[in-house]
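# An overview of the molecular structure
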Amino acid sequence: MSPIHSPVRGVLVAFAAYAVFAFSDASIKILHGAIPAYQVGFIGAVFGLVVLPVVKARDDSWLDVTRTSNRTLWALRFVCGAIGAIASIITFTKLPMAEAFCLLFLLPSFVTILSVIFLKEDVRWQRWTAVIVGFIGVLIVLRPGFRELSIGHLAAAIGGSSAAISIVILRAMGPAEKRISLYGAGLIGTLTVSGLLMLSDIATPTPREWLFMASYGILGAIGNVLLMTAARFAPANLVAPPQYSQMIWAIAFGYLIFDDTIDLPMAAGIVLIICSGLLTLARERKRGTPLPAAVVSVDNQAPVSATAELAEAGFEGVERPIAE
């Protein structure tokens, strides 16, 4: 079997990628908000530059990072990349990891709704059922009126919405757009917006804080490379589902490091949200939406960006050569 078509290897690499992303997210939470989210986002984006040679195809120019066939949509992805990166960092800072992941796993539902509104996609009852199941799961997890909602919940909603808009942009731009341009839009957006915000308030990290910020950025970059490698080995419908293994890591980290607890209603809500996502992925597999080759995550949060852009897009493998 050719290494380009090795599903088992692809799935194993995907599990490894999502585990690395989970450790990257835990690095954020360990900081306990001591460093502003935009400063952490800037550090993550700097390390995101490491992925550019992997994203660049052999026939691409480095100037293609900023070139595009649709400047308006490129600029919108620029903005969404920055907002999504900062919002996801706030989410993991303020919420228990399991709760943060389960809210971010709502991304397929957001994409379905936005695709109907902006792309006029024909969505059948199966996908609407998945959306409804997902939002029921969120209501069970959040229990509005019975639990106090925080800035972390708002950040999760903003981060998920930003990532969903990015995916709709991918669908609107189509397969002609180079992935280095799509990745560059989010990367430059995060660097620019976070860098400007840092001018007014920049913290001086301790050596320990530098360690975990570096861990966040380096592990995020490694996770992106692993995720693209998985997409080369296996089709998206096999690469995407392992993202839900992050919930296992989240529960383990919460119990062992952060003293988080999960009650029975939250566990039930998490199950419903995961079922919603898997049902949507199953439907996406049948649609086969043509899109650019796999685009990695700019903000290092796999549930927000990387997985969605592979799975929601309906990629059936990455045939475009990647620069060595």
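The structure under discussion appears in the preceding block.
A few points on the structure. Not measured: the values here are computed from a predicted model.

About the thresholds
- Residues numbered from 1 in each chain as written.
- Predicted model: local features only at pLDDT ≥ 70, side-chain atom pairs only at ≥ 80, totals over all residues.
- Heavy atoms only, no water.
- Axes fitted to C-alpha atoms, helices over the stretch in contact; angles between N-to-C directions.
- Helix = DSSP H or I, 4+ residues; strand = E, 2+ residues; numbered from the N terminus.
- Parallel < 35°, antiparallel > 145°, perpendicular 65-115°, else oblique.
- Contact = heavy atoms within 4.5 Å.
- Nonpolar A, V, L, I, M, F, W, Y, C, P; charged D, E, K, R; others polar.
- Left-handed = near helix turned anticlockwise from the far one by under 90°.
- Phe/Tyr/Trp six-rings, centres within 6.5 Å; stacked < 30°, edge-to-face > 60°.
- Buried < 20%, exposed > 50% of the residue type's maximum accessible area, 1.4 Å probe, protein only.
- Salt bridge = Lys/Arg side-chain N within 4 Å of Asp/Glu carboxyl O.

### Some details on the packing of helix α5 (residues 97–104) against helix α12 (residues 246–256)
- Where α5 meets α12, the axes come as close as 8 Å, and the angle between the chain directions of the two elements is 155 degrees. Here α5 lies roughly antiparallel to α12, going by the angle between them. For the pair α5 and α12, contact is made by Met-97, Ala-98, Phe-101 and Cys-102 and by Gln-246, Met-247, Ala-250, Ile-251 and Phe-253, respectively.
- Taken together, the residues of the contact of α5 with α12 break down into eight nonpolar, one polar and no charged.

### Focus: the packing of helix α2 (residues 37–48) against helix α9 (residues 179–198)
- As a packed pair, α2 and α9 sit with axes 8 Å apart at the nearest point and diverge in direction by 140 degrees. For the element pair α2 and α9, the recorded crossing hand is left-handed. When α2 is examined against α9, the residues Tyr-38, Gln-39, Gly-41, Phe-42, Ala-45, Val-46 and Gly-48 are found in contact with a partner set consisting of Tyr-183, Leu-187, Thr-190, Leu-191, Ser-194, Gly-195, Leu-197 and Met-198.
- Taken together, the residues of the contact of α2 with α9 sort by class into nine nonpolar, six polar and no charged.

### Describing the packing of aromatic side chains
- Tallying each qualifying case throughout the model produces five aromatic pairs.
- Where Trp-74 meets Phe-78, the ring centres are 6.0 Å apart and the plane angle is 35 degrees; that geometry is what we call tilted. Of this pair, Trp-74 and Phe-78 both sit in helix α4 (residues 71–94), separated by four residues, roughly a single helical turn. Summarising the burial analysis for this pair, Trp-74 and Phe-78 share the class buried.

### Regarding the pattern of salt bridges
- The tally for this structure, following the rule as stated, stands at three salt bridges.
- Put simply, Asp-60 and Lys-178 hold a salt bridge, and the shortest N to O gap is 3.4 Å. Here Lys-178 lies in the loop between α8 (151–173) and α9 and Asp-60 lies in the loop between α3 (52–55) and α4, a separation of 118 residues in the sequence.
- For Asp-60, a relative accessible area of 7% translates into the label buried.
- Between Arg-67 and Asp-64 there is a salt bridge whose closest N-O contact spans 3.4 Å.
- Residue Arg-67 is classed as partly exposed on the basis of its relative accessible area, which comes to 44%.
- For Asp-64, a relative accessible area of 7% puts it in the buried group.

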